[in-house]
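Understanding the architecture of this molecule
As a plain string of letters, each chain reads:
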Amino acid sequence: MKMLSFLLWLPVIGASIIGLLPGKISSARLRQITTIFALIVFAWSIWLLTQFDISNSGWQFSEYLPWIEPIGLSYSLAIDGLSLPLVILNGLLTIIAIYSIGENVERPRFYYALILLINAGITGALTAQNLLLFVIFYELELIPFYLMIAIWGGEKRGYAATKFLLYTAVSGLLVLAAFLGIGFLNGGTSFDYDTLTTQGLSLTTQLILLTVLLVGFGIKIPLVPLHTWLPDAYTEASPAVTILLGGILAKLGTYGLIRFGLQLFPETWSLVAPGLAIIGTVSVLYGALSAIAQKDIKRMVAYSSIGHMGYILVATAAGTELSILGAVAQMIGHGLILALLFHLVGIVERKVGTRDLDVLNGLMNPIRGLPLTSSLLILAGMASAGIPGLVGFVAEFIIFQGSFSTFPIATLLCIIASGLTAVYFVILLNRTCFGKLDNKLAYYPRVLRSETIPAFVLTAIILVLGVQPNWLLRWSEGFSYQSSVSSYQLAVESNSDLPTQQLSVVSQQLSVNN
């Protein structure tokens, strides 16, 4: 079996084995088996990282197999500097999710099988080089997420799961419609990524197709005003599911914007870029202000995610070499930080029994509180607020530096919003970690070592990548150059009917990059 196929199908094999194992097996043993498969997948992705040629900006580890040729569907896989870091993040967060819930989970066979299927679905979407194959994986992974929210979620899990499914199903339909339009306008004989182009299409046709794609991926990210499914889904889902939802699933939306928006529509991207920058800035400000108003700490973190995903949209809209590099770094950094936050919030909820800021208090108490969990929560809040020395600062700094020359006002507003991030995390930490414990309630169960290990792993990675960001950035440098400068150059050379003001912006950006 080839490299990427092994990465894709091993989790599927693992899910099948877990579901078909004879006899009654304990939840702890099933978790061990699932962990073995997840560790092998993660180790294989790390091995791919060591074999990856950073000097090659094109596709690597390519696989191709004709499948349903009459409709242009092929089994085509490959990775580059954009997809490789996300594939590794997917493998890591799958392991973290396995250990973010207790061993005695209900219906453990089904639970762990779904986690492995989610891993396979996301890997398939990130490596698919055929547009129809991408849509298949993009839609299939919604079913395990829906079931995990509906079965293992909170009190309103049915409502949250249905809302999530409806919104994200619409997202998939819009993406499929845009892809079908691109394929049919290219002759309809193939939907392989490298065979498609929008160069010969009219500007109006390109704008329509690109707009449909933007709305589809905007739901997945999600961006304001397409975000209303996120607070409910994140709040009602279990910590493990929320880690996968926010940590990696949402990144399929931003991945799609760069891969299929910026790269497939270089001629029209400069036209929609100002609007995207505005939407991204609104999402950043809205997410921060909404987080400040929350009383539920999990809901607060959920709204913070909307804001941080807005940074990625602003960076993608700018389309410079540096901003695209920052967008990739933000996708990885945000996934790590959000996973740590949701994991710690899950520990607090299990031990204290509430997520209400008006009830939580004094958890930093070294004797009767949760001092270790509180300390890690403080560090996670600092990383999310962009404190220097942590990975969040690296990503945001690169985004601001890369976007300022194209959208200075939007970038300045995002910088202000990063200050608001510090505000709501100070509110969360001040009310949760500090103050006086309630003597009637402060008899919390002990935090187990298995519960703290995932937090320590994520914390270590956040610290290491913050101190040594080159270990994160070097894999995507070749891709970012190819996707930004070349796209804008194509826009200038092939689109003489672009408005003069837009051409001026593009030309100025090229001069900055060169």
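Below or above, wherever it landed, is the structure these notes cover. No experiment lies behind these values; they were computed from the predicted model shown. (Residues numbered from 1 in each chain as written. Predicted model: local features only at pLDDT ≥ 70, side-chain atom pairs only at ≥ 80, totals over all residues. Heavy atoms only, no water.)

**Here we look at the pattern of salt bridges**
The criterion, for reference: In the sections that follow, a salt bridge refers to a side-chain nitrogen of Lys or Arg positioned within 4 Å of a carboxyl oxygen of Asp or Glu. In DSSP terms, a helix is any run of H or I states spanning at least four residues, a strand is any run of E spanning at least two, and both are numbered starting from the N terminus. Per-residue accessibility, obtained with a 1.4 Å probe over protein chains only, is compared with the maximum for each type, and a residue is labelled buried under 20%, exposed over 50%, and partly exposed between these values.
Scanning the entire structure with this criterion turns up nine salt bridges. One salt bridge connects Asp-232 with Arg-299, and the closest N-O pair in it is separated by 3.6 Å. Of the two residues, Asp-232 is situated in helix α9 (residues 229-236) and Arg-299 in helix α13 (residues 297-318); the sequence distance between them amounts to 67 residues. When its relative accessible area of 22% is taken as the criterion, Arg-299 is described as partly exposed.

**With respect to the packing of helix α14 (residues 321-352) against helix α16 (residues 391-403)**
Applied cut-off: Structural elements are reduced to axes, namely lines fitted to C-alpha atoms, with helices fitted over the stretch in contact, and the angle between N-to-C directions of any two is expressed from 0 to 180 degrees. Angles below 35 degrees are treated as roughly parallel, those above 145 as roughly antiparallel, those between 65 and 115 as roughly perpendicular, and all remaining angles as oblique. In this scheme, a crossing is called left-handed if the near helix is turned counterclockwise away from the far one by less than a right angle; it is called right-handed if the turn is clockwise. Two residues qualify as a contact provided that any one of their heavy atoms is within 4.5 Å of a heavy atom in the partner residue.
Remark: α14 packs on α16, axes separated minimally by 8 Å, with the N-to-C direction vectors making an angle of 155 degrees. What the angle tells us is that α14 and α16 run roughly antiparallel. At the point where α14 passes α16, the crossing takes the left-handed sense. Two secondary-structure elements touch here, α14 through Leu-322, Ser-323, Leu-325, Gly-326, Ala-327, Ala-329, Gln-330, Gly-333 and Ile-337 and α16 through Val-391, Gly-392, Ala-395, Glu-396, Ile-398, Ile-399, Gln-401, Gly-402 and Ser-403.

**Quick notes on a nonpolar patch on the surface**
Note the cut-off: Like charges within 9 Å and nonpolar side chains (Val, Leu, Ile, Met, Phe, Trp, Tyr) within 5 Å are joined into patches, using only residues over 30% in relative accessible area that form no salt bridge. Note that accessible areas follow from Shrake-Rupley with a 1.4 Å probe, and for residues the cover is restricted to the protein chains shown.
A cluster of nonpolar residues, Trp-67, Ile-68, Ile-71, Ile-136, Leu-140 and Ile-143, forms a patch on the protein surface that exposes about 540 Å² of accessible area. Secondary structure elements with two or more residues in the nonpolar patch: β1 (60-68) and α5 (131-140).

**Considering empty space enclosed by the protein**
Note the following rule: Put simply, the grid is 1 Å and covers the protein atoms alone, a cavity is a trapped set of points that fit a 1.4 Å probe, a pocket is an open set with protein on both sides within 12 Å along at least five of seven lines, and lining residues have an atom within 4 Å of a point. Grid points are joined across faces, edges and corners, and a volume is the space filled by probe spheres set on the points. Three residue categories are used. Nonpolar comprises Ala, Val, Leu, Ile, Met, Phe, Trp, Tyr, Cys and Pro, charged comprises Asp, Glu, Lys and Arg, and polar comprises the others, including Gly.
Overall, the coordinates contain three cavities of 30 Å³ or more when judged by the stated rule. Its boundaries defined by the atoms lining it, the largest cavity holds a volume of some 80 Å³. Contributing to the lining of the largest cavity are 13 residues, with His-308, His-334, Ile-337, Leu-338 and Ser-384 lying nearest its centre. Those elements that place two or more of their residues in the lining of the largest cavity are α13, α14, α15 (371-384) and α16. For the lining of the largest cavity, the leading source of residues is α14, giving six residues. When the residues that make up the lining of the largest cavity are grouped by side-chain class, the tally is four nonpolar, eight polar and one charged.

**Section: helix α3 (residues 83-98)**
In an α-helix, one turn spans 3.6 residues, which is why side chains three or four residues apart end up on the same side. How we decide: Expected span of a helix, by definition, is 1.5 Å for each gap between consecutive residues, and there is one gap fewer than residues.
In this model, α3 (16 residues) spans 23 Å end to end at C-alpha, consistent with the 22 Å of a helix rising 1.5 Å per residue. Here α3 lies mainly inside the structure; 16 of its 16 residues are buried.

**A closer look at the layout of surface pockets**
It is a probe the size of a water molecule, rolled over the atoms, that shows where empty space is left. By volume, the largest pocket is sized at about 470 Å³. Around the largest pocket, the lining is made up of 22 residues, and of these Trp-152, Gly-153, Ser-238, Pro-239 and Glu-349 lie nearest the centre. Among the secondary structure elements, those contributing two or more residues to the lining of the largest pocket are α6 (142-152), α9 and α14. By residue number, the principal contributor to the lining of the largest pocket is α14, which donates three residues. For the lining of the largest pocket, the class distribution of residues is six nonpolar, seven polar and nine charged. One number sums up the size of the second largest pocket: a volume of about 370 Å³. Lining the second largest pocket are 15 residues, and of these Ile-46, Leu-49, Ile-88, Ile-461 and Leu-465 sit closest to its centre. Of all the secondary-structure elements, those providing two or more residues to the lining of the second largest pocket are α2 (27-51), α3, α14, α18 (449-467) and α19 (470-473). Residue contributions to the lining of the second largest pocket peak at four residues, all from α3.

**Regarding the pairing of strand β2 (residues 73-79)**
For the record, the criterion: Any two strands are treated as partners once DSSP identifies two or more bridges connecting them.
The buried fraction of β2 is high, at seven of seven residues. A two-sided burial pattern is seen for β2, the buried positions comprising Leu-73, Tyr-75, Leu-77 and Ile-79 on one face and Ser-74, Ser-76 and Ala-78 on the other. When β1 meets β2, the two strands line up antiparallel, connected through six bridges. In the sheet register, Ile-68 faces β2, and the bridge partner there is Leu-73.

**Some points on the packing of α16 against helix α17 (residues 408-433)**
Packed helix pairs are characterised by how far apart their axes lie and by the angle those axes make with each other. Between α16 and α17, whose axes approach to 9 Å, the crossing angle comes to 160 degrees. With respect to their mutual orientation, α16 and α17 come out roughly antiparallel. For the pair α16 and α17, the crossing hand works out as left-handed. Residue-level contacts link Glu-396, Phe-400 and Ser-403 of α16 to Pro-408, Thr-411, Cys-414, Ile-415 and Ser-418 of α17. Here the residues of the contact of α16 with α17 are counted per class, giving four nonpolar, three polar and one charged.

**Focus on the packing of aromatic side chains**
For clarity, the threshold we go by: The rule is short: rings of Phe, Tyr and Trp, with Trp giving its six-membered ring, pair when the centres are within 6.5 Å, and they are stacked under 30 degrees, edge-to-face over 60, tilted in between. Any Lys NZ or Arg CZ that is within 6 Å of a ring centre and within 35 degrees of that ring's normal is treated as a charge sitting over the ring.
Here the structure, examined in full by the defined rule, presents 24 aromatic pairs. Their ring planes at 65 degrees and their centres at 6.3 Å tell us that Tyr-286 and Tyr-303 sit as a pair that is edge-to-face. In this pair, Tyr-286 sits in helix α12 (residues 266-292) while Tyr-303 sits in helix α13, placing the two residues 17 residues apart along the sequence. The side chain of Lys-220 reaches across the aromatic face of Tyr-138, ending 4.2 Å from its centre. Over the face of the ring belonging to Trp-475 we find Arg-474, whose NZ or CZ atom lies 4.8 Å from the ring centre.

What is shown is where atoms sit, not what they do.
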